Amino acid sequence: MTDLAVSIGAHEHRTTTSTIHPASGPAYHIWTIGCQMNQADSRRTAAALDALGFRQVARPEDADLVILNSCVVRQSAEDKVTGRLQSLRALKARHPGTALVLMGCLVGDVQTLRARFPHVDLFLRPSDVEGLLGWVSAQMTEATRPCAFSGYSTEQGLRTAASLGAPAPVSVGVTAMMGCDRHCTYCIVRLRRGPGRSRPPEEIVAEAEALVRSGAREVVLLGQNIDAYGRDLPERPTLASLLRQVHEIPGLLRLRFLTSHPADLEDEVIDTVAALPRVCPHFELPVQAGDDRILRRMGRGHRAADYLALVERIRGRIPDASLATDIIVGFPGETVEEFERTLDLLRTVRFDAVHVACYSVRPGTPAARLPDDVPQEEKERRRRAVEALQEQIVGEINARLLGQEVEVLVEEMHKGKWKGRTPSNKLVFFEHPDDWHGRLVRLRISRAGPWSLQGQMR
Ligand code: SF4
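From a predicted model like this one, the values you see are computed outputs, not experimental measurements.

**Overview of the overall build of the protein chain**
1) Next: On a plain count of helices and strands, the protein chain comes out with 14 helices and 18 strands.
2) Next: Burial status across the protein chain gives 56% buried among its 458 residues.
3) Next: A sequence separation of at least 24 residues applies to 72% of the contacts in the protein chain between residues at least 6 apart.
4) Next: Entry remark: accessible area of the protein chain is about 18800 Å², with carbon and sulfur atoms responsible for 51%.

Here you go:
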């Protein structure tokens, strides 16, 4: 997966309600939290519901179908989902016809969930968009069902949908692989998403082509452990071959992939990133800890030295490669000295981005059997130490960009400024009266802080 990645870094925790498209027909509302893969699943769900003639609304109160796409990678994410589920109880009591669907990583033991949240109509495992559509279609064609959209004509819906042409975001995630075959001991995502299942390359290319036709300019190939892509398919395609295929889509300006695993990232992928101009030289490469005993207890399958050797190989081949990582602090049994080795590794590698999280026990994982013996205040102290060190490092890295010219893919207008990213995934803001949405622009960096850059057109 990402590793926690999907959870933690690229996986920053995001809560979103997707773009709203006007139309008639039954109304749906999607609430999404968690990783980019959840975001991609919600986008696919929304596109499929639009095609059935549904229209998206911003408030659950206005919807006939409410979908919560959940995340449990950390306790804080799980609490947000359960809080949301509780608050929807009253809505369901007022409007029993509103269908409530829970999907995503909270859906493990359905029987227990059903007892806890009896007002939920359907529980679906992560990424089961097809399951959702099958259920929705069955409700629509059966007029006697209690759902508000039962008896609704799909033909009428499809006619409505034909008039819609939802524009894709400039940067869009496309799921290449679901699940993971690794056994990181802290990871709940692996338990919920199951073993690795790759989508056939033609299916991924077709989805990416459709998105580019709808306005996307950057595709991000997603997988919990994207480097394992294709190992379960009969033709054994590889991430490198997939990158080469998607790279050729006309109109695509940039291609990214995440999340990598240090024990699975192959030299062929590094060479492919180096060779293909539209593949961004950016690696999301979680290390999680800098101490070998902790890495072993985490079941990561690599040592700190292996990781450092891999970073050297990447930088030897792609000198300007940018690297992001995920760190967990306060794993069971982690001593102060062992934690210091994580700081040493950060000083050695000098990452462009570090996503750090305090260890949080996830019931059902092997690590949950270990005593959670690092006190919460100490976990927080370690988290702040990582953040402070990283702020200093990335501040120095970014300061070197001052006065340099960078290429930015512009994603959107944000508080009166255009916002985009460099190939190295750095956020850049600039002001300009023209419409730069979805276009590449060359900017000279005029201000550089640790979290973002300001640019000017020459
Ligand atoms: S088992 Fe490890 S590699 Fe797989 S999804 Fe979990 S953290 Fe990522």
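Picking up where we left off.
**Some remarks on the pairing of strand β10 (residues 254-258)**
1) Next: Summarising burial for β10: five of the five residues are buried, a large majority.
2) Next: Side chains of β10 alternate between two faces, with R254, R256 and L258 and L255 and F257 buried alike.
3) Next: With five bridges joining them, strand β9 (residues 218-223) and β10 adopt parallel strand pairing. Residue V220 lies in a different strand from β10, and its bridge partner there is R256.
4) Next: As for the winding sense of the linkage, the β-α-β connection from β9 through helix α9 (residues 239-247) to β10 is right-handed.

**A look at the packing of aromatic side chains**
Aromatic ring pairs are described here by two measures, namely the spacing of the ring centres and the angle between the planes.
1) Next: According to the stated counting rule, one finds four aromatic pairs in the structure shown.
2) Next: Residues F257 and F283 carry aromatic rings whose centres are separated by 5.9 Å and whose planes lie at 85° to one another, so their mutual orientation is edge-to-face. Of this pair, F257 sits in strand β10 while F283 sits in strand β11 (residues 282-284), placing them 26 residues apart in sequence. Each of the two residues, F257 as well as F283, counts as buried.
3) Next: Taking 5.2 Å as the distance between ring centres and 70° as the angle between the ring planes, the aromatic pair formed by F331 and Y359 counts as edge-to-face. With F331 in the loop between β12 (322-329) and α13 (336-349) and Y359 in the loop between β13 (353-358) and α14 (376-399), the pair connects residues that are 28 residues apart, well separated along the chain. Side by side, F331 and Y359 carry an identical accessibility label, which is buried.

**Side note on the sheet that holds β10**
1) Next: Taken in spatial order, the four strands make up an open sheet running β8-β7-β9-β10, and their pairing is mixed. In this open sheet, the two strands that pair with only one neighbour each are β8 (197-198) and β10.
2) Next: Here strand β7 (residues 171-178) runs beside β8; their pairing, made up of two bridges, is antiparallel. Residue M177 lies in a different strand from β8, and its bridge partner there is S198.
3) Next: Contacting β7 and β9, helix α8 (residues 201-213) crosses the sheet at an angle of about 170° to β7.

**Side note on the environment of R116**
1) Next: The topology assignment puts R116 in helix α4 (residues 110-116).
2) Next: Classification of R116 as partly exposed rests on a relative accessible area of 43%.

**Structural notes on the pattern of salt bridges**
Pairing is possible between side chains of opposite charge, provided their charged atoms come close.
1) Next: On inspection of all chains with the given rule, the structure shows 32 salt bridges.
2) Next: Note that E207 and R199 form a salt bridge whose closest N and O atoms lie 2.7 Å from each other. By the burial criterion, E207 is buried, and R199 matches it.
3) Next: For the salt bridge of E334 with R382, the shortest nitrogen-to-oxygen distance reads 2.8 Å. Highlighted residues: E334 in the loop between β12 and α13 and R382 in helix α14, separated in sequence by 48 residues. Here E334 matches R382 in class, with each residue buried.
4) Next: Salt bridges sharing partners connect three or more residues here, namely R43, R199, E203 and E207.

**A word on the sheet that holds strand β17 (residues 440-448)**
1) Next: Taking strand neighbours around the barrel as the criterion, the five strands line up as β14-β15-β16-β18-β17 in a closed arrangement whose pairing is mixed. Strand-to-strand, the axes of this sheet are offset by a mean angle of 55°, without reference to chain direction.
2) Next: Pairing of strand β15 (residues 417-421) with strand β16 (residues 427-430) involves four bridges; the strand directions are antiparallel. Residue pairing across strands places K419 opposite F429, the latter belonging to β16.

**As for the nonpolar core**
Most often, soluble globular proteins keep nonpolar side chains buried together rather than apart.
1) Next: Core analysis: the biggest nonpolar cluster contains 95 residues, and V219, L221, V246 and F257 have the highest contact counts within it.
2) Next: Excluding its chain neighbours within four sequence positions, the residues that come into contact with L221 are V174, I204, I226, L242, L243, V246, L255, R256, F257 and L258.
3) Next: Ranked by size, the runner-up nonpolar core spans 22 residues in total, among them V101, L124, M140 and C147.

What counts and how
Residues numbered from 1 in each chain as written. Predicted model: local features only at pLDDT ≥ 70, side-chain atom pairs only at ≥ 80, totals over all residues. Heavy atoms only, no water. Helix = DSSP H or I, 4+ residues; strand = E, 2+ residues; numbered from the N terminus. Buried < 20%, exposed > 50% of the residue type's maximum accessible area, 1.4 Å probe, protein only. Contact = heavy atoms within 4.5 Å. Areas by Shrake-Rupley, 256 points an atom, 1.4 Å probe, with all protein chains shown as cover. Pairing = 2+ DSSP bridges. Right-handed = clockwise from strand over helix to strand, strands pointing away. Phe/Tyr/Trp six-rings, centres within 6.5 Å; stacked < 30°, edge-to-face > 60°. Axes fitted to C-alpha atoms, helices over the stretch in contact; angles between N-to-C directions. Salt bridge = Lys/Arg side-chain N within 4 Å of Asp/Glu carboxyl O. Core = buried A, V, L, I, M, F, W, Y, C linked by side-chain atoms within 4.5 Å.

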